[in-house]
Amino acid sequence: MNKSLICVLLLSFCLFNVSKSFSNFVTDSWITIVISGTENAPKAVSLHSAALNPINNTMIVFGGKDSSYTPTNNLTIYDLLQDSWLPKNSNANHTALNLAGSVPSARYGHVALTTSDNKMFIFGGRNQSTIFNDIYKYNMITDNWELITVTGKIPKGRWGHSGVLYSINNCFYFFGGSDSLSREGPFLTDIIKFDFERNEWIEMVTTEETQLFAPKVGLFLHTSILTLTNQMIVFGGKYKNGTTSSVSNSIYIFDAENENWINATLNTTSSTPDSRYGHTAVLTPLGTMLVFAGNDSTSNAVSSVWRYNIAYSTWEFVSSIGSGGPDARSGHTSITTLFNTMITFGGQSSATKYLNDLYKYNIINSVLRSSSDGTTLVVLLSLVGAMIIGLCFALDYITEKNEIARLERLEKDAIAKNNELELERIKKERKDKQLQPLFEKF
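Residues numbered from 1 in each chain as written. Predicted model: local features only at pLDDT ≥ 70, side-chain atom pairs only at ≥ 80, totals over all residues. Heavy atoms only, no water.

1. Side note on the overall build of the chain
Along the chain, the regular secondary structure elements total four helices and 28 strands. Here the contacts in the chain between residues at least 6 apart in sequence split such that 57% fall between residues at least 24 apart. When the accessible area of the chain is evaluated, it comes to approximately 21,100 Å², of which 54% is carbon and sulfur surface. (Helix = DSSP H or I, 4+ residues; strand = E, 2+ residues; numbered from the N terminus. Contact = heavy atoms within 4.5 Å. Areas by Shrake-Rupley, 256 points an atom, 1.4 Å probe, with all protein chains shown as cover.)

2. A few points about the sheet that holds strand E26 (residues 333-336)
The strand order across the open sheet built from four strands is E1-E28-E27-E26, with neighbouring strands paired in antiparallel fashion. Pairing within the sheet leaves two strands with one partner each, and these edge strands are strand E1 (29-31) and E26. In this sheet, neighbouring strand axes are inclined to one another by 30 degrees on average, regardless of whether the strands run parallel or antiparallel. Bridge analysis of E26 against strand E27 (residues 341-348) gives four bridges, and the strand direction is antiparallel. Opposite Thr336, over in E27, you have Met342 as the bridge partner. (Pairing = 2+ DSSP bridges. Axes fitted to C-alpha atoms, helices over the stretch in contact; angles between N-to-C directions.)

3. Notes on unusual backbone geometry
Note the cis peptide between Gly185 and Pro186, where omega equals 10 degrees. If you check the backbone angles, Asp143 has positive phi at about 60 degrees while not being a glycine. With respect to the helices and strands, Asp143 occurs in the loop between strand E9 (135-139) and strand E10 (144-147). Asp143 sits in the buried class, given a relative accessible area of 4%. Even without a glycine there, the phi angle at Leu221 is positive, about 55 degrees. With respect to the helices and strands, Leu221 occurs in the loop between strand E15 (200-202) and strand E16 (223-226). (Buried < 20%, exposed > 50% of the residue type's maximum accessible area, 1.4 Å probe, protein only.)

4. Notes on the pattern of salt bridges
According to the stated counting rule, one finds 14 salt bridges in the structure shown. The closest approach of N and O atoms between Arg198 and Glu200, which form a salt bridge, is 3.6 Å. One salt bridge in this structure joins Arg307 and Glu316, with 3.4 Å as the shortest N-O distance. For Glu316, a relative accessible area of 40% corresponds to the partly exposed category. Salt bridges here are not isolated pairs; linked through shared partners, they connect Asp195, Arg198 and Glu200. (Salt bridge = Lys/Arg side-chain N within 4 Å of Asp/Glu carboxyl O.)

5. Overview of the confidence of the model for the chain
Here the chain shows a mean pLDDT of 85. Residues at 70 or above account for 83%. Residue range residues 15-26 is modelled with pLDDT below 50. Its contacts to residues more than four positions away, or to other chains, number 14 contacts. Across residues 437-442, confidence stays below pLDDT 50; counting only partners more than four residues off in sequence or on other chains, it has ten contacts. (pLDDT = per-residue confidence, 0-100.)

6. Points about the packing of aromatic side chains
Applying the stated criterion across every chain yields a total of 27 aromatic pairs. Both rings, one in Tyr166 and one in Tyr173, keep their centres 6.1 Å apart while their planes meet at 35 degrees; by these two values the pair is tilted. As far as burial versus exposure is concerned, Tyr166 and Tyr173 are alike and both buried. When the ring of Phe175 is compared with that of Trp261, the centres are 5.5 Å apart and the planes differ by 65 degrees; the resulting orientation is edge-to-face. (Phe/Tyr/Trp six-rings, centres within 6.5 Å; stacked < 30°, edge-to-face > 60°.)

7. Thoughts on the side chain of Thr280
In this structure, Thr280 sits in strand E22 (residues 280-283). Judged by relative accessible area, Thr280 falls into the buried class, the value being 6%. A distance of 3.3 Å separates the side chain of Thr280 from the side chain of His332, its partner in a polar contact. Of note is the side chain of Thr280, whose polar atom sits 2.8 Å from the side chain of Ser334. (Polar contact = N/O pair within 3.5 Å; in protein donor to acceptor, adjacent residues only side chain to side chain.)

8. Remarks on the pairing of strand E25 (residues 314-318)
In this structure, strand E24 (residues 301-309) lies alongside E25, joined through five bridges in antiparallel fashion. Looking at the pairing, Arg307 lines up with Glu316 of E25. Where E24 hands over to E25, the hairpin turn is made up of four residues, of which Ser313 adopts a positive phi near 55 degrees.

This is the structure:
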């Protein structure tokens, strides 16, 4: 077989196995990262918000409460490429963070949603004495806050609710939450709509048909995601069961296009996740929903990861690999990044232990999660390439030695037999077959 073909095949085989090993190492795993700028990290908080700024690959953390239940309105930025908390009052370009305009009051239990024109909207939340129904807009390019002057029927203030962006109609849908300062309810059952282009609350028309599969109880500290088919999936949360509070593990689906609740019956072959509230849920690029942590029905924090297959209506427990995964927690945030990873920040592991740690979870194989990963892969491929080149030179050298030995044996036989014609032919062949340098020959 031609040596160049052998080398190409060897190189392809080795690169495939290296890339396969690199991929398997990070599949469904918590990734060990070295974070810089930890002195700039937010203080330990729970029930804050986090949003992705896709323009400069940063995560924006806003608000939350500490262990003394004191709310904050701090805004902190994390650089996803450099795995670094940016200095206080600095933006992603490491220039001054000019928080001009009407900065939201300190709050927690609010919802933050981003739009394609690089705006982040904050709705609702609470402090020690007030439940908010205001909406603020943060310009992620100019670092400017704006209190939105809204029209339409303004909804009740709420906290512990959920929300999704429905970009086709330039609107947000918010569901559930609580309009009471008590964590024990009552909880809200309504779904409300806000047009962020016209800054208008849109009153939704509900009928018995549209509400047929709606939650029959209000949900609090649940999650919502919007699927690729524009369906809002609501999972988990606290609810009132008579006079006592219970915890849900049910799925509810709201069709944003037709504005009605649809059947969300699980596949009979599906596993069932534990009931939980205060968890997080993200939509993955594979069209699945990834649920992490939260409090169980006994109000103890858990650290399990579950995956919901939207197409097949099935749950799967994810046995995450990798060391250094996060502790059990609730009230944390999770976002997905452009590198197909999930970033989890903060929360609380108990009533008194609040957290400001950050973890990265890989969702899909073969992904460069940061600039350091690209460097690692380049180094690995360079080493493999050098090994293959060395193998090719070794093959070339061995072949040359074997050919010289063969011709020397033939030459001795010709001399012994006094065969001048054969001797001339062998000498000519030796001259013709003098091996050239490897890459010149190729």
